[in-house]
Amino acid sequence: MADIESLKQALAVSPDNVPLLLMLGDAHMDAFSHEEAQTTFDQILSIEPGNPMARLQIAQLLDLKGRSSEAILRLEQLNAEQPTFASAWLLRAKLALGEGDGKGAREFYDRAITLEALLASDELLKRIREAGGRRESSSGSKPQPQREATNRAGAYYDPDFDDDEFDEDPFAAAEAELELEFDQRPNADFTKVGGMEGVKEDIRMKILYPMENKELFEAYGKKAGGGVLLYGPPGCGKTLISRATAGEIDARFMSVGLHQILDMWIGKSEEKLHEIFELARRQAPTVLFFDEVDALAADRKDMRTSAGRTLINQFLSEMDSESAENDGVLVLGATNAPWHLDSAFLRPGRFDRLIFVPPPDEPAREEIVKIMADGKPVFGLDPAALAKRLKDFSGADIKAIFDQAIEAALSEAMKSGKIVPVTQKQLIKSAKQVKPSTRKWFESAKNYALYANQSGFYDDVLEYLGIQK
Amino acid sequence: MSELNHGILLQDQGRLEEAEAIFYSVLAREPENDSVYSRLALCQLNQSGKKQKALESIGEAIRFQPEAPFYHAVKSLILSALHKGKEALESADTAIALDPEDAFPLAAKAAAYCELDQWAKVEEWCIKALQIDSDNTMAANLLTHSLRLQGKSDQNAIAVEQLLAASPEDSFAHVNAGWSALQRGDSRQAETHFREALRLEPESGSARDGLIESFRARSWFYRIYLSYCFFMQRFTGGKQWGIIIGIYVAYQLMRRWLETINPMIAAVFVFLWLGLILWVWLAPGIGNFLILMDRSARLALRPGERRQGLAVGGGLVFGITAVAIGFGLSIDPLLTGGIGLIASTVPASLTFGNESRKGRGIFGSVTVAVYAMTLFVVFKLWLDPPGSELDQVTKTLSGFVLLAALLCTWLGNVKSLREAEVT
C-alpha cells in the first residue's frame, strides 16, 4: 500500500507519466484492486492509445472478471497489431488453456518463447501438454523452430520461417512417444561465451580435439565421446558452456532436466532414462546434457530408498560403453556438488574427465555487465571498470547488483516523478552490498579439496584458491 | 523418485539448505504432512541460526501427530541444542512414555543430560539405549564422550574400539576416537582419527576443531593446557567456578604466608602465578601461532584463528624481544612497547575466533585500548627529553588499561562472552 501511495504522490507531480501509471496499475493488480487498476490502464490508453502493456493488462483484468471471450478478442487484436509482443502470446496461451484448447495454447506458447526465451515456464508447458498441446511430428500443431530464439529479451519470431521442415522430424516423433521434449539445437558456440578462456581450452583439449581427431586419439588408446563432468559454483555458466560445446561440435543438444526423469512410479524413472539414452544414440552425434547430475548420480551410501539406487544403477549401465553402444554420444553432466556423486561415476568410461568451471573471469564479467545493462536506463556505464570490481561474483550475483541498483533508481523516480537513470556509482554501491555467493561454495569446496582429494579430482579448486598442499 | 525423495536425498547428503527449500515446497502442497515437518525440523536443527525455527517446525509435526515418540525425541534434541536442558529432559520423558522400547528417545534423554553436564546420567541412559539397539550410533558416540569426560579411560578405550568396529565409516566415531587419543596425550593418533573423520565428512566442524587441537598438541606445553581443560570439563559450570575461585583464594593465602617468610620468594611466586594465568589464556593463541609455522597444517585454520595466532604469538615474540632489548640496553620506549604488546595478548586471544558478538565487542575494545595506549606512551617517551617521567594522567590511564587487560582473564570465564548465542 505504501508503494501505491508513493506512486500516487509521484503521479501528482507528473500525471501523464506512462511508466509510472503502468507501475501504479500493476500495484493495484497485485493488491487485487481491479477497478482501480482498470481505471489506471484506461487512463494510459487515453494518453497513449496503442500502449501494448496497458492493453495486455486490460485483457488480463477481463479474464479475471470472468469475461474470457472478450479478453481473447482483445488479445487477438493485440497479436495482430503487435506480433512481436511475446507477453501477449503467452497470455493468449494461458487463456486458450483455460478454454481447454491445448493445441492452440501450445502454438501461442511456442510463439511466446520463440520471441522471448526467458518467458519459458516448465509448469505452464506441463499443463499445456496435459491438455493435449504436444509438439507433433507430422500433423496438427508443429514444433516451432528455435533458430531465432536467443537467451536475451528482444529476440524476434521469424514469420517467414518454413515450419514444414519439421513435419517429418523423427526426433520430434520420438520425443512425443516419450512424452518428453528437449532443447534440440544449441544456439551458442564459444564466440557467444565471453572470457572463460581457460575453461574453453580445457574443453577443447578434453572434448573437441578428441572428437575432431577421432582416429588419432584412438591410435593412442583414447576415445571420443564418453562422459565429462563440469563442476563449479552455482550461477557461473556451466549450462551456457555446455550449450556452447554442443554448438562447437555441431551436434544435437539434448538438455535433460531432473523433472524430466524423476517419476513417482517405481521403474518409470529408469525406463525414461533408458529411452533418453536410446534416443541420443539413434540421433548421434548428440550431446546429452544432465543438469544437477548429482541428484541422478548420487552416492548410493546417501540413498535410503532402493528406488533411488536402481535409478543410479541404470544410469551407470547406460553410461557404460561396454553394455551399450555410446559412440558419438557425449554425456555432459553439470553439478555444484561433485563430492556427492557416487564414486562409480568417476571411473574410466563414465565421467572420467572433470572440468572445473570457476566464477566468471574479468572479460566474462564485462560481457555479463553489458548484457545486464542492455535495455535499461543506465548512464555512464564503464563495464570494464565495474567488472574489475566484481571478482568472485557469479552471473546471478551480478544480476542481483543490477536489480538492487534499479530498485534504488525506481525509488528515486517515484519520489521525483521522472525517470532517474541507474549510474555507475549506484552500481558500485550495490556491489558493496551484495556478497559474492561463490565464496560459500568455495568454503565447502576447499574442505573437500583439502581432506577428500585422494584422487586429485579437486586440484583445480586448490589451484584456483592458490593453495599448495 | 518424487520431489520429497529428492529432498530426503539432499538431507542425507547434508545439503540442508537445499533440502529445506524442497520440504517447504512439499509442505505448500501438503500442509498437514507431519513427517515433512519433522524432516524440516531436523534440517533446521543442524544449521546455525535456525534452531528456533526447528522448534516451531517440530511443534507443527507434534500438533498433527501428538502420539509420535520420534517427534518428541527430536524436540528434545532441539531443546538441548538451544541450551534448554530441563525442557529437553521433559520432552525426552514424554517420548519414552509413548514408547519405552525405542532407543532414540533414550539417546535423546542422554543428550539432554549432556547439556546439563551430568556425565554419569549420560552414561546411564546411553547404556539403556544401547541395550535396546546396539547399533544406535548416537548413543554409542555419547557414551564414549561421557566416559572420556568422567575420566574412565579404560572403559572409554573399549567403547571407542567397539564404536570404530561397528561404524568404521562414521565420521563422528573417528572424532570421538580422536578426542580419546588426545586425552591420552597421543596427538599423532588423534591427528590420524581426525583426518579420517574429515576424509569421511570434509565439512565436519567437530573433526576440523579436533584436528586443530591435535596440531596444537604437538607441543608439550599445549598438552599440559589440554590436560587442564580435560580436567575442568569433568565438572558442571558452577563447580568449575568453585574450583577457579578456590585456586585463587589458595594463591592469595599462599602469597600472604610467603610474604611473612621472605618477600623475594613471594614476588617469585606472584610472577609464577601471573605466568600460569597467561599460559591458560594464551595457550590456544600460541598453539595457532605454531600451526602457522607449518605450511600444511595452517590450511586448517579459520581466518579468526590465524589472526589470533598472529596477535598472540606475534605479540608475545615481539613483546618479549622488545622487553629483553629495552631492559638490556635501557631503552625505555622499547621496554614499554614490549610490556604493552605482552599485555595486549590476553584480550587479543579472547577477541579473535570468539563466537560471541558481545564478547568480541568487549575484548576487542580492550585490545584496541591496549594497542592505542602502548603507542601513545611509546611516542611520548620517544619525544620527551631523556630522563623525564610520564605525567600522572598518562600513568593512571595506563594503569586502567593494564587492569582492564588483567580483568579479561576473569571475564573470559563467562560462557556467554565466549560462545555464540544459539538461535
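Residues numbered from 1 in each chain as written. Chains lettered and ligands numbered in written order. Predicted model: local features only at pLDDT ≥ 70, side-chain atom pairs only at ≥ 80, totals over all residues. Heavy atoms only, no water.

**Section: the overall build of chain A**
Here is step 1 of the chain: On a plain count of helices and strands, chain A comes out with 22 helices and seven strands.
Here is step 2 of the chain: Expressed as a percentage of its 469 residues, the buried residues of chain A come to 50%.
Here is step 3 of the chain: Long-range contacts, defined as pairs at least 24 residues apart, comprise 67% of the intrachain contacts of chain A with a sequence gap of at least 6.
Here is step 4 of the chain: Split by element, the accessible area of chain A, about 22,400 Å² in all, is 50% carbon and sulfur. (Helix = DSSP H or I, 4+ residues; strand = E, 2+ residues; numbered from the N terminus. Buried < 20%, exposed > 50% of the residue type's maximum accessible area, 1.4 Å probe, protein only. Contact = heavy atoms within 4.5 Å. Areas by Shrake-Rupley, 256 points an atom, 1.4 Å probe, with all protein chains shown as cover.)

**Here we look at the confidence of the model for chain A**
Here is step 1 of the chain: Mean pLDDT for chain A: 78, with 83% of residues reaching 70 or above.
Here is step 2 of the chain: Overall, residues 137–168 of chain A carries pLDDT values under 50, and its contacts beyond four positions in sequence, including any with other chains, amount to 51 contacts. (pLDDT = per-residue confidence, 0-100.)

**What to know about the interface of chain B and chain A**
Here is step 1 of the chain: If you look at the interface, chain B gives 19 residues, while chain A gives 26 residues.
Here is step 2 of the chain: For the pair chain B and chain A, the summed buried area comes to about 2,100 Å², and 54% of that belongs to carbon and sulfur atoms.
Here is step 3 of the chain: Where chain B packs against chain A, one counts two salt bridges.
Here is step 4 of the chain: Between B:Glu17 and A:Lys440 there is a salt bridge, with its nearest N and O atoms 2.2 Å apart.
Here is step 5 of the chain: Sorting the residues of the side of chain B that touches chain A by element identifies helix H1 (3–12), helix H12 (187–200) and helix H13 (205–216) of chain B as the ones contributing at least two each.
Here is step 6 of the chain: The greatest single-element share of the side of chain B that touches chain A, amounting to four residues, is contributed by H1(B).
Here is step 7 of the chain: Residues of the side of chain B that touches chain A, tallied by class, amount to seven nonpolar, three polar and nine charged. (Buried area = accessible area lost by both parts, 1.4 Å probe. Salt bridge = Lys/Arg side-chain N within 4 Å of Asp/Glu carboxyl O. Nonpolar A, V, L, I, M, F, W, Y, C, P; charged D, E, K, R; others polar.)

**Thoughts on the sheet that holds strand S5 (residues 351–356) of chain A**
Residue and element names in this part refer to chain A.
Here is step 1 of the chain: Here five strands make up an open sheet; going across it, the order is S2-S3-S4-S1-S5 and the pairing parallel. Looking at which strands have only one partner, the edges of the open sheet turn out to be strand S2 (252–256) and S5. In this sheet, neighbouring strand axes are inclined to one another by 20° on average, regardless of whether the strands run parallel or antiparallel.
Here is step 2 of the chain: As defined by bridge partners, strand S3 (residues 286–290) adjoins strand S4 (residues 329–335) across five bridges and the pair is classed as parallel. Bridge pairing in S4 places Phe289 opposite Leu332.
Here is step 3 of the chain: Here helix H10 (residues 197–212) sits on the sheet in contact with strand S1 (226–231), S4 and S5, set at roughly 150° to S5. (Pairing = 2+ DSSP bridges. Axes fitted to C-alpha atoms, helices over the stretch in contact; angles between N-to-C directions.)

**Focus: a negative patch on the surface**
Residue and element names in this part refer to chain A.
Here is step 1 of the chain: A contiguous patch of negative charge on the surface is contributed by Glu215, Glu218, Glu325 and Asp327.
Here is step 2 of the chain: Along the polypeptide, Glu218 turns up in helix H11 (residues 214–219).
Here is step 3 of the chain: The class for Glu218 is partly exposed, based on a relative accessible area of 45%. (Patch = residues over 30% accessible without salt bridge, like charges linked within 9 Å, V, L, I, M, F, W, Y side chains within 5 Å. Lys, Arg positive; Asp, Glu negative; His and termini not counted. Charge placed at Lys NZ, Arg CZ, Asp CG, Glu CD.)

**Digging into the pattern of salt bridges**
For side chains bearing opposite charge, pairing can occur when the charged atoms are close.
Residues and elements named next belong to chain A.
Here is step 1 of the chain: Under the counting rule described, the total for this entry stands at 33 salt bridges over all chains.
Here is step 2 of the chain: Arg106 is the partner of Asp110 in a salt bridge, and the nearest nitrogen-oxygen pair spans 3.1 Å. With a gap of four residues between them, Asp110 and Arg106 both fall in helix H7 (residues 102–115), about one helical turn apart.
Here is step 3 of the chain: By relative accessible area, which is 2% here, Arg106 ends up buried.

**Focus on the nonpolar core**
Here is step 1 of the chain: By size, the foremost hydrophobic cluster in this structure holds 73 residues, and its most contacted members are A:Leu288, A:Phe290, A:Phe315, A:Phe345, A:Phe351 and A:Val461.
Here is step 2 of the chain: Here this core gets seven residues from one element, more than from any other, and that element is helix H21 (residues 438–451) of chain A.
Here is step 3 of the chain: Apart from the residues lying within four places of it in its own chain, the contact partners of A:Val461 are A:Tyr231, A:Phe356, A:Trp441, A:Phe442, A:Ala445 and A:Ala449.
Here is step 4 of the chain: One finds B:Leu10, B:Leu16, B:Ala68 and B:Val160 within the second-largest nonpolar core, a separate group that totals 59 residues. (Core = buried A, V, L, I, M, F, W, Y, C linked by side-chain atoms within 4.5 Å.)

**Observations concerning the packing of aromatic side chains**
All names here are of chain A.
Here is step 1 of the chain: Under the counting rule described, the total for this entry stands at 31 aromatic pairs over all chains.
Here is step 2 of the chain: Look at Phe315 and Phe351: their rings are 6.4 Å apart centre to centre, the planes differ by 85°, and that puts the pair in the edge-to-face class. Within this pair, whereas Phe315 is found in helix H16 (residues 306–319), its partner Phe351 is found in strand S5, the two being separated by 36 residues in sequence. The pair formed by Phe315 and Phe351 is uniform in burial state, with each residue classed as buried.
Here is step 3 of the chain: For the ring pair Trp339 and Tyr448, a centre distance of 4.4 Å and an interplane angle of 5° mean the geometry is stacked. With Trp339 in the loop between S4 and S5 and Tyr448 in helix H21, this residue pair connects regions lying 109 residues apart in the sequence.
Here is step 4 of the chain: Exposure remark for Trp339: the relative accessible area of 14% places this residue in the buried category.
Here is step 5 of the chain: Tyr448 gets classed as buried once you look at its relative accessible area, which sits at 10%. (Phe/Tyr/Trp six-rings, centres within 6.5 Å; stacked < 30°, edge-to-face > 60°.)

**Some thoughts on a nonpolar patch on the surface**
Residue and element names in this part refer to chain B.
Here is step 1 of the chain: Residues Trp241, Ile245, Val249, Leu253 and Trp410 make up a contiguous nonpolar surface patch of roughly 450 Å² in combined accessible area.
Here is step 2 of the chain: Take the nonpolar patch: its biggest share by element is four residues, from helix H15 (residues 237–261).
Here is step 3 of the chain: With respect to the helices and strands, the residue Trp410 is situated in helix H20 (residues 392–411).

**Focus on the packing of helix H10 (residues 153–166) of chain B against helix H11 (residues 171–184) of chain B**
How two helices pack is summed up by the angle between their axes together with the distance between the axes.
Residue and element names in this part refer to chain B.
Here is step 1 of the chain: Interhelical geometry of H10 versus H11 gives an angle of 155° and a closest axis separation of 9 Å. Accordingly, the angle class assigned to the pair H10 and H11 is roughly antiparallel. In terms of crossing hand, the pair formed by H10 and H11 is left-handed. Of the residues in H11, those in contact with Asn156, Val160, Leu163 and Leu164 of H10 are Ala173, His174, Asn176, Ala177 and Ser180.
Here is step 2 of the chain: A breakdown of the residues in the contact of H10 with H11 according to their chemical character gives five nonpolar, four polar and no charged. (Parallel < 35°, antiparallel > 145°, perpendicular 65-115°, else oblique. Left-handed = near helix turned anticlockwise from the far one by under 90°.)

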